[in-house]
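# Coordinate inspection notes
What follows is the residue order along each chain.
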Amino acid sequence: MPQGVRLAEIHTLYSTVLQVMSAALADPFKDEGWTDAFRDLLAQLTNTPSFTRLCDDLDEMRAEVSTASAAWYERARGL
């Protein structure tokens, strides 16, 4: 159950990031919209001290999700 809670927390953060990107940027995959002010806003809206820290946290979370999904698929293969 603790892993499920953690994955739900990660999902919430990812959802916030995606919603802000969708609402604020015409094309979130082009660099010109990613101003310092936007990066600061994104960090603030995710309750993260800085954008750099947010990126680091997202990288760690991505690894957690990958590990959890690999373990789930391994268990599923054994059924």
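Our subject is the structure that appears above.
Residues numbered from 1 in each chain as written. Predicted model: local features only at pLDDT ≥ 70, side-chain atom pairs only at ≥ 80, totals over all residues. Heavy atoms only, no water.

All chains considered together, the criterion is met by three aromatic pairs. A centroid spacing of 5.0 Å and a plane angle of 85° characterise the contact between W72 and Y73, whose relative ring orientation is edge-to-face. The class of W72 is partly exposed, set by a relative accessible area of 48%. A network of ring pairs unites the aromatic residues W34, F38 and F51 as a single cluster. (Phe/Tyr/Trp six-rings, centres within 6.5 Å; stacked < 30°, edge-to-face > 60°. Buried < 20%, exposed > 50% of the residue type's maximum accessible area, 1.4 Å probe, protein only.)

Further remarks concern the pattern of salt bridges. Overall, the coordinates contain seven salt bridges when judged by the stated rule. With its nearest N and O atoms 2.9 Å apart, the salt bridge here joins E64 to R6. Residue E64 is found in helix α3 (residues 51-77), and its partner R6 is found in helix α1 (residues 2-24); the two are separated by 58 residues along the sequence. Since its relative accessible area comes to 30%, E64 is described here as partly exposed. A relative accessible area of 29% places R6 in the partly exposed class. A salt bridge links E74 to R77, with the shortest nitrogen-to-oxygen separation between them at 3.0 Å. Of this pair, E74 and R77 both sit in helix α3, three residues apart, roughly one helical turn. When its relative accessible area of 62% is taken as the criterion, R77 is described as exposed. (Salt bridge = Lys/Arg side-chain N within 4 Å of Asp/Glu carboxyl O. Helix = DSSP H or I, 4+ residues; strand = E, 2+ residues; numbered from the N terminus.)

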